[in-house]
Amino acid sequence: MILDLIKQLTLFLAVGVEASAAFVIGFAAIEATLKAFKLFFFRRNVPEEAKEELRLRLGRWLAVALEFELAADILRTAVAPTWDEIGKLAAIVVLRTVLNFFLQKEIEKSAENKSNVRK
């Protein structure tokens, strides 16, 4: 009975973490959209740096959301792992890690380019 309660609580928590990821993605998309409209419709000459900063800011928020999604998947799998669920989790972890890795590389490259331009 206690074990069932813990399982239900963990699944409920996973849904909450997944909802948090959805909010992060939603708010990031709204922020990026509003800033893009501002850049494209209210400024005549939009510098490339402004576009790049907008893209990277959205990318950083998406990376945060990916971490939330991964946490939700881990919570779900921790409740009653079957080999099938563990395999799916492993595939999800690999895909999200690869996405995060390349996103981080892009962020670092942009930061490096920005610091080189300022010098």
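In what follows, the accompanying structure is described. (Residues numbered from 1 in each chain as written. Predicted model: local features only at pLDDT ≥ 70, side-chain atom pairs only at ≥ 80, totals over all residues. Heavy atoms only, no water.)

Observations regarding the packing of aromatic side chains
Counting across every chain of the model gives three aromatic pairs. Their ring planes at 20 degrees and their centres at 6.2 Å tell us that Phe23 and Phe27 sit as a pair that is stacked. Of this pair, Phe23 and Phe27 both sit in helix 1 (residues 2-42), four residues apart, which is roughly one turn of the helix. Each member of the pair, Phe23 together with Phe27, is exposed. With centroids separated by 5.3 Å and ring planes inclined at 75 degrees, the aromatic side chains of Phe101 and Phe102 adopt a geometry described as edge-to-face. The exposure class assigned to Phe101 is partly exposed, which follows from its relative accessible area of 45%. For Phe102, a relative accessible area of 52% translates into the label exposed. (Phe/Tyr/Trp six-rings, centres within 6.5 Å; stacked < 30°, edge-to-face > 60°. Helix = DSSP H or I, 4+ residues; strand = E, 2+ residues; numbered from the N terminus. Buried < 20%, exposed > 50% of the residue type's maximum accessible area, 1.4 Å probe, protein only.)

Structural notes on the packing of helix 1 against helix 2 (residues 48-79)
Two elements in contact, helix 1 and helix 2, have axes separated by 8 Å at closest approach and are oriented at 170 degrees. The angle between helix 1 and helix 2 falls in the class roughly antiparallel. Tallied by class, the residues present in the contact of helix 1 with helix 2 amount to 26 nonpolar, two polar and eight charged. (Axes fitted to C-alpha atoms, helices over the stretch in contact; angles between N-to-C directions. Parallel < 35°, antiparallel > 145°, perpendicular 65-115°, else oblique. Nonpolar A, V, L, I, M, F, W, Y, C, P; charged D, E, K, R; others polar.)

Things to note about the layout of surface pockets
Rolled over the atoms, a probe with the dimensions of a water molecule shows which regions are left empty. Computed from the structure, the second largest pocket encloses a volume of approximately 150 Å³. What lines the second largest pocket is Lys35, Lys38, Leu39, Arg43, Ala50, Glu53, Leu54 and Arg57. Taken together, the elements giving at least two residues each to the lining of the second largest pocket come down to helix 1 and helix 2. It is helix 2 that provides the largest number of residues to the lining of the second largest pocket, a total of four residues. (1 Å grid on protein atoms, 1.4 Å probe; cavity = no way out; pocket = protein on both sides within 12 Å on 5 of 7 lines; lining within 4 Å. Points joined across faces, edges and corners; volume = space filled by probe spheres on them.)

Considerations on the environment of Ser110
With respect to the element layout, Ser110 can be found in helix 3 (residues 83-118). Overall, the relative accessible area of 8% leaves Ser110 in the buried class. C-alpha of Ser110 to C-alpha of Ile25: the two residues are 85 residues apart in sequence and 22 Å apart in space. With residues up to four places along the chain from it excluded, the contact list for Ser110 reads Glu52 and Leu56. (Contact = heavy atoms within 4.5 Å.)

As for the side chain of Asp73
You can see Asp73 is positioned in helix 2. Residue Asp73 is classed as buried on the basis of its relative accessible area of 12%. With residues up to four places along the chain from it excluded, the contact list for Asp73 reads Leu89, Ile92 and Arg96.

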